[in-house]
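# A closer look at the structure
Chain residues, written in single-letter form:
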Amino acid sequence: MSQGLQTISLEAKSPFELRVNLGADTPELDVRTALATGDMGFLHSFTSGSTVDGPGVRVVGWTTGCQYRCLYCHNPDTWNMSNGIPVTLARATEELRKYCHGLKIMSGGFTLSGGEPLMQDRFAVKLFTAAKAIGIHTALDSNGSLGSRLSDAEFDQIDLVLLDFKMWDPERHRHLTGMDNAPVLDFARRLAERRRPIWVRFVLVPGLSDDAENIANIARFSASLGNVERVDVLPFHQMGRFKWKELKLNYTLNDVQPPSIEAVESACAQFRSVGLKVF
C-alpha cells in the first residue's frame, strides 16, 4: 500500500461523504489476492457514534463493492471496489482497537456495512474474527444475496445480521436492484435454521415499495422465520442524491418525496400485526 493511502483517514464525518478512486491505482493482481485471502479490504470509511446500525452505540465500517444497483441507493460511490481505500486487516483491526473500551461501556459494537460487505467475504470474516477476539459485538449489514459465501462455522463470528428486504415480488426486486431476490430468502431461511438473530431492514419508498401487498408479504415471511428480533422501517430520503449527480449517474427518483408520518406508521403497523417488534 502506498504511503499516500496510508495517510488517508479511515474515519469520515458521515457515510454521505463522497469518496472516489482511492483504490484505482491498486494492481489487479493485488485486488484478486485481497479478495481471495482477506488480508486486505477496500473501505469507503469508518464512522463512529451510530445508534441505528445495531444495538448500543457503534462503529460502522463501510465497504466498497456492491452487485446491486438500487434505484434509491444513497451511497452509489460504494458500488465500485476501486473507490475504496485499500486497507490491510492489521490497520482495520487497529482502528477498531481505538474504540474498543468505549464500545463496551456503551453496550455497542462494530457493524460492517457497504456497499455489500460479502463482496469481500474473506476480509469480512477475518475482520469480524479480529473484532470478536478483542471483545467487540459484531453485526453484518447485508442485502443477503451472497450469504452462501459464509460457512456455518463463520456464522459464529457474526453476532447479528441486519438483513435488507428490498421487495417481495422477484420481478419488482429485479427492477429495483438489478438482481433476483431468491438468494436473499435462502440466506434468511438458513439463518433461521441455525437460530442466528436477524434485524430486518425495510426502506419505505413512496410509489416503489410502499404498497400494502409488498409490505404484507415481507412481514409474513419475516414472522415465519422465528429469529427476527426487530424490524427497522427506514423512510426514504434524498441525502445521497448529490452523489448521483457528481458521479453522472441517472437518478430516477428526483421527484420522490419522503413518506409521510402516517405512511411510515401504517407500514410499521403491518409488521406489528404479525407479531414483530418495530422501531
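Rules used throughout
- Residues numbered from 1 in each chain as written.
- Predicted model: local features only at pLDDT ≥ 70, side-chain atom pairs only at ≥ 80, totals over all residues.
- Heavy atoms only, no water.
- Buried < 20%, exposed > 50% of the residue type's maximum accessible area, 1.4 Å probe, protein only.
- Helix = DSSP H or I, 4+ residues; strand = E, 2+ residues; numbered from the N terminus.
- Pairing = 2+ DSSP bridges.
- Polar contact = N/O pair within 3.5 Å; in protein donor to acceptor, adjacent residues only side chain to side chain.
- Contact = heavy atoms within 4.5 Å.
- Core = buried A, V, L, I, M, F, W, Y, C linked by side-chain atoms within 4.5 Å.

For the rest of this paragraph, the subject is the pairing of strand β1 (residues 40-50). For β1, the tally of buried residues reaches nine of eleven residues, placing the bulk of the element in the interior. One ladder, built from four bridges, connects β1 with strand β3 (residues 85-88); its direction is antiparallel. Opposite Met40, over in β3, you have Thr88 as the bridge partner. As defined by bridge partners, β1 adjoins strand β2 (residues 58-63) across five bridges and the pair is classed as antiparallel. Bridge pairing in β2 links Ser50 to Arg58.

Moving on, we come to unusual backbone geometry. Here the amide bond leading from Gly114 into Gly115 is cis, since omega sits at 20°, within 30 degrees of zero. Looking at the secondary structure, you find Gly115 in the loop between β4 (109-113) and α4 (121-133). Residue Asn21 is not a glycine yet carries a positive backbone phi of 60°.

Looking at where Lys248 falls in the secondary structure, it is placed in the loop between α8 (241-246) and α9 (261-272). For Lys248 and Lys98, which are 150 residues apart along the polypeptide, the C-alpha to C-alpha distance reads 37 Å.

Attention now goes to the side chain of Gln238. Mapped onto the elements of the fold, Gln238 is located in the loop between β8 (228-235) and α8. At a separation of 2.8 Å, a polar atom in the side chain of Gln238 contacts the main-chain carbonyl oxygen of Leu253. Only 2.9 Å separates the side chain of Gln238 from the backbone oxygen of Val256, close enough to count as a polar contact. If we skip the residues at most four places from it in the chain, Gln238 touches Tyr251, Leu253, Asn254 and Val256.

With that settled, the discussion passes to the nonpolar core. Counting 72 residues, the largest nonpolar core has Tyr72, Phe110, Phe165, Val233 and Phe271 as the members making the most contacts within it. Setting aside chain neighbours within four positions, we find Tyr72 in contact with Lys166, Leu176, Val203, Val205, Leu208, Phe236 and Leu253.

Note that every value here comes from positions in space, so none of it alone points to a role or purpose.
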